[in-house]
Amino acid sequence: MTASAATAAAGPAEAERRRAARRHLFGRAALYATAILAGLLAAGPFVWAAITALKQDPDLYNPANNPFLFNPAPTLEHVRYLFDETAFLTFAWNTLWVGLLVVAITLVLGIPAAYSLARLDRPWSGPMGVAIFFVYLIPPSLLFLSLSRIVAGIGLQDSTWSLVLIYPTITIPVSVWLLIGYLKAIPRDIEEQAMVDGYSRLGAFLRTVVPLALPGVVAVVVFAFTLTASEFIYALAFISPTHEKVISTGVPTELVRGDVFFWQSLQAATVLVAVPIAFVFNLFLERLVAGFTVGAVKG
Amino acid sequence: MAEAEAVRREAVLPAAGARRRLSDRDGVLAWLFLLPSVVYIVALVAIPFVLAIAFSFSDVTAGDPSFDWAGLRNYQRIFDDPVFWRSLQNTLVFTAISMTLIVVFGKILANVLVADFRGKWLVRFLVLLPWTTPVALSSIAWLWLLDSIYSPIDWVLRQLGLIQTNTYWLGRPYLAMSSVIAVHVWRLVPLAAVIMVAGLVAIPKEVQEQAQVDGAGFWRRMFEITIPLTLPVIAVAALFGAIFTFTDMTVVYILTRGGPTNSTQVLASWAFIRGIEGGDVAQGAAIALFLFPLLLAAAIAILRAVRRMEVL
């Protein structure tokens with residue numbers, strides 16, 4: 001009571017300050033509440049997948065049991081099954097090497113293309129950038145039928161190599177788009193100085209631009225790898241033998257036999273794949289955001 | 001490489017001609033740099049695209065890949081098929097609803113992600129999970145979450161006394177449609193948020209601070225400064241959300257296979273079921289082709305809107 005009387009006495013400036021402080025406090029509370037809610041909604045299915053992965057059968061298949069607790073003790077049996085009795089490690093290995101090769105192809109083709117569009121100032125640079133963006137509008141769900149005939153025609157049907165060939169069509173456009181952003185952010189003076197020092201345009205590109213763009217390139221590597229790891233339609237349409245499959249098709253098709261779902265092993269696979277990818281992605285998020293800014297807004 | 005060396009040696013020649021040669025060389029280099037990517041994309045996107053159009057006028061099947069002209073017969077057949085119209089309608093409805101929700105929730109999430117607070121790294125990691133996880137795997141997690149008997153959502157609702165029996169999330173047409181939309185929104189909100197964060201970061205700090213000094217509250221700053229200034233980025237986020245929902249078949253394929261009785265079938269999944277599983281490549285191609293004009297129209301509309309806003 002005395003406090004508020006004192007405030008009133010202190011004049012309008014003090015009242016204003018207190019109102020601002022209250023508003024600030026309320027804003028912080030709302031921020032934390034939204035952040036926690038968002039985290040729970042986003043990660044909820046994975047948290048529950050992790051719990052499910054460790055459940056015993058009698059626990060899991062009893063609708064009366066609390067699904068968020070271990071009623072009988074947790075077991076690693078289903079995780080062991082995933083590694084020992086299924087081709088999960090083969091799928092993971094296939095995803096990894098396909099992803100790395102695709103990323104390599106993407107960088108070798110994409111960095112020069114982005115440099116050409118960002119720096120070499122041809123009259124067609126602008127329209128070509130838009131054209132590359134429009135490649136997005138011809139999605140895998142439109143191309144998989146004719147591509148599966150092409151893949152069969154060149155003898156790559158049922159081979160993981162078909163994905164190495166086809167995935168760059170997804171990763172190159174988006175990578176070029178992001179890379180244009182990173183390259184535009186490098187001051188022109190730097191290459192011009194290198195050229196004054198006697199390097200050719202190509203030399204300046206290789207010796208100054210590429211090293212400076214490296215952080216952006218790393219972000220592109222992460223992004224492109226994630227895209228290839230997530231792809232589903234091509235992998236499903238091109239490949240049927242178990243040992244040629246990748247994670248995104250192998251897990252949902254090989255861990256389901258008819259109507260029998262190996263639920264715990266499926267959930268274990270989901271968590272084991274999801275967590276590392278999101279972790280690495282989080283490390284490079286700021287770079288990606290920067291790429292989107294320049295690429296999306298000024299591209 | 002050898003060619004580039006030769007060109008480079010020329011560059012150290014007298015400066016008079018060097019300037020002109022430099023610009024000439026830029027032109028050649030620009031093409032040399034761009035050509036491999038263009039060839040790759042033409043060979044594996046443009047040609048298959050044309051091939052898809054050709055297939056849609058043919059009688060190609062998985063068993064008999066020889067090409068015979070069939071005229072408009074495939075289109076006639078899909079137009080007579082109620083499942084096609086249902087798929088088309090679902091595709092449009094799913095995309096429109098998802099896009100709206102993705103933009104709204106993406107905007108909220110973006111506001112959280114630009115702020116500074118304790119535990120931000122963890123929240124960012126958790127929030128990224130739905131987007132960075134392969135769609136097929138996160139759909140599997142959802143399939144179990146929406147299970148007809150063991151769904152934990154049902155369990156919670158039962159404990160709260162809201163339902164007596166099970167909900168059968170994927171077994172009833174409207175619930176199944178809502179589930180598919182929910183999964184799309186869930187997995188694409190992080191992407192939209194990341195794109196919008198990019199826009200928010202680009203707003204000069206002074207603008208916000210000045211508005212704050214002038215006494216503009218949170219909502220006023222939001223609607224009169226932040227949103228107008230980031231509209232182009234919001235449009236880009238909307239475009240990505242729309243494209244990814246519109247063209248995706250994974251969520252539908254894993255959650256419902258288009259069921260119950262095709263009530264969640266979309267163009268992409270229907271094309272897959274017809275073209276790959278049914279082996280009728282020609283008809284599958286004809287169905288999938290309907291994705292293109294709609295995508296093109298949406299993209300042009302949004303890009304033009306962005307252009308107009310940038311001119312302002």
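Residues numbered from 1 in each chain as written. Chains lettered and ligands numbered in written order. Predicted model: local features only at pLDDT ≥ 70, side-chain atom pairs only at ≥ 80, totals over all residues.

### Thoughts on the overall build of chain A
Broken down by element type, chain A carries 16 helices and two strands. Rg of the C-alpha trace for chain A: 26 Å, well past the compact-globule value of 19 Å for 299 residues, more than 25% over. Along the first, second and third principal axes, the C-alpha set of chain A runs to 85 × 75 × 35 Å. Counted over contacts in chain A with a minimum sequence separation of 6, partners at least 24 positions apart contribute 75%. (Helix = DSSP H or I, 4+ residues; strand = E, 2+ residues; numbered from the N terminus. Rg over C-alpha atoms; globule rule 2.2 N^0.38 Å. Contact = placed C-beta atoms within 7 Å.)

### Notes on the overall build of chain B
Helix and strand counts for chain B come out as 14 helices and zero strands. Taking 312 residues into account, the globule formula puts the C-alpha radius of gyration at 20 Å, and chain B, at 26 Å, lies well above it. Principal-axis analysis of the C-alpha atoms gives chain B an extent of 90 × 70 × 35 Å. Taken across its 312 residues, chain B has 45% of its residues classed as buried. (Buried ≥ 20, exposed ≤ 12 C-beta atoms within 10 Å, placed from the backbone.)

### A few points about helix H9 (residues 205-213) of chain B
Of all nine residues making up H9 of chain B, only zero are buried, and the element is barely covered by its neighbours. Two residues or fewer after H9 of chain B comes Gly215 of chain B, characterised by a positive phi angle close to 95°.

### Overview of the domain arrangement of chain A
Often, the extent of an interface is quoted as the loss of accessible area on bringing the components together. All names here are of chain A. Here chain A is described as being made up of domain 1 (2-75) and domain 2 (78-297). Between domain 1 and domain 2, the C-alpha centre-to-centre distance is 36 Å. Contact residues are listed per partner, giving eight residues for domain 1 and nine residues for domain 2. Ranked by residues supplied to the side of domain 1 that touches domain 2, first place goes to helix H2 (residues 12-53) with five residues. Looking at the side of domain 1 that touches domain 2 residue by residue, the class counts come to five nonpolar, two polar and one charged. (Domains from an automatic or database assignment. Nonpolar A, V, L, I, M, F, W, Y, C, P; charged D, E, K, R; others polar.)

### Some words on the packing of helix H14 (residues 247-254) of chain A against helix H6 (residues 135-145) of chain B
Interaxial distance between H14 of chain A and H6 of chain B falls to 8 Å at its minimum, and their mutual angle equals 30°. Relative to H6 of chain B, H14 of chain A is oriented roughly parallel. Residue-level inspection shows Ser248, Thr249, Val251 and Pro252 of chain A of H14 of chain A in contact with H6 of chain B, the latter providing Ala136, Leu137 and Ile140 of chain B. Here the contact of H14 of chain A with H6 of chain B is built from residues that sort into five nonpolar, two polar and no charged. (Axes fitted to C-alpha atoms, helices over the stretch in contact; angles between N-to-C directions. Parallel < 35°, antiparallel > 145°, perpendicular 65-115°, else oblique.)

### Thoughts on the domain arrangement of chain B
Residues and elements named next belong to chain B. Splitting chain B by domain gives domain 1 (2-56) and domain 2 (83-311). In this assembly, four residues from domain 1 lie in contact with six residues from domain 2. A class-by-class count of the residues in the side of domain 1 that touches domain 2 yields three nonpolar, one polar and no charged.

### Overview of unusual backbone geometry
Glycine aside, residues mostly have negative phi, and peptide bonds are mostly found in the trans state. All names here are of chain B. Unlike most non-glycine residues, Thr261 shows phi in positive territory, near 40°. Tracing the sequence through the fold places Thr261 in the loop between helix H11 (250-255) and helix H12 (267-277). Judged by the 10 C-beta atoms lying within 10 Å of it, Thr261 falls in the exposed class.

### Some words on the interface of chain A and chain B
Contacts between the two partners involve 82 residues from chain A and, on the opposite side, 85 residues from chain B. For the side of chain A that touches chain B, the element with the most residues is H2 of chain A, which contributes 14 residues.

### Details of helix H7 (residues 140-153) of chain A
Residues and elements named next belong to chain A. Across its 14 residues, H7 extends 18 Å between first and last C-alpha, which sits within 8% of the 20 Å expected from 1.5 Å per residue. The largest bend in H7 comes to about 35°, at Ser146. Of all 14 residues in H7, 12 are buried; the element is thus mostly enclosed. Three or more residues of H7 are buried, namely Pro140, Ser141, Leu142, Leu143, Phe144, Leu145, Ser146, Leu147, Ser148, Arg149, Ile150 and Val151. Immediately downstream of H7, the backbone of Gly155 shows phi near 80°, a positive value. (Expected span 1.5 Å × (residues − 1). Bend = angle between axes of the 7 residues up to and from the residue.)

### A short note on the nonpolar core
Grouped together as the largest cluster of nonpolar side chains are 178 residues, with contacts concentrated most on Ala114 of chain A together with Ala192, Ile195, Met196 and Ala288 of chain B. The dominant element in this core, judged by the number of residues it contributes, is helix H8 (residues 173-202) of chain B, at 17 residues. With residues up to four places along the chain from it excluded, the contact list for Ala288 of chain B reads Ser141, Leu142 and Leu145 of chain A together with Ala52, Leu267 and Ala271 of chain B. (Core = buried A, V, L, I, M, F, W, Y, C linked by C-beta atoms within 7 Å.)

### With respect to the confidence of the model for chain A
The predicted coordinates should not be examined in detail at positions where pLDDT is low. Residue and element names in this part refer to chain A. Looking at chain A, the pLDDT average stands at 84 and 93% of residues meet or exceed 70. Ranking the elements of chain A by mean pLDDT puts helix H1 (residues 2-10) last, at 51, and helix H8 (residues 161-166) first, at 93. Note that residues 295-299 has pLDDT below 50 and, in this model, 16 contacts with residues that lie over four places away or in other chains. (pLDDT = per-residue confidence, 0-100.)

### A few points about the environment of Asp147 of chain B
Residue and element names in this part refer to chain B. You can see Asp147 is positioned in the loop between H6 and helix H7 (152-159). The exposure class assigned to Asp147 is buried, which follows from the 20 C-beta atoms found within 10 Å. Between the alpha carbons of Asp147 and Arg124 there is a distance of 28 Å; along the sequence they are 23 residues apart.

### Looking at the packing of H2 of chain A against helix H4 (residues 82-114) of chain B
Between H2 of chain A and H4 of chain B, the least distance of the axes is 10 Å, while the angle of their chain directions is 115°. Between H2 of chain A and H4 of chain B lies a crossing of left-handed hand. In this structure, H2 of chain A contributes Leu31, Thr34, Ala35 and Ala38 of chain A to the contact, and H4 of chain B contributes Ile108, Leu109 and Val112 of chain B. (Left-handed = near helix turned anticlockwise from the far one by under 90°.)

### Points about the environment of Ala235 of chain B
Along the chain, Ala235 of chain B falls in helix H10 (residues 218-247). In the structure, Ala235 of chain B is positioned 132 residues away from Val103 of chain B in sequence and 8.7 Å away in space, judged by C-alpha atoms.

### Details of the environment of Thr52 of chain A
Here Thr52 of chain A shows up in helix H2. Overall, the presence of 25 C-beta atoms within 10 Å leaves Thr52 of chain A in the buried class. Distance from Thr52 of chain A to Gln264 of chain A, taken between C-alpha atoms, is 5.7 Å for residues 212 residues apart in sequence. What Thr52 of chain A contacts, discounting residues up to four positions off in sequence, is Leu60, Trp263, Gln264 and Gln267 of chain A together with Trp144 of chain B.

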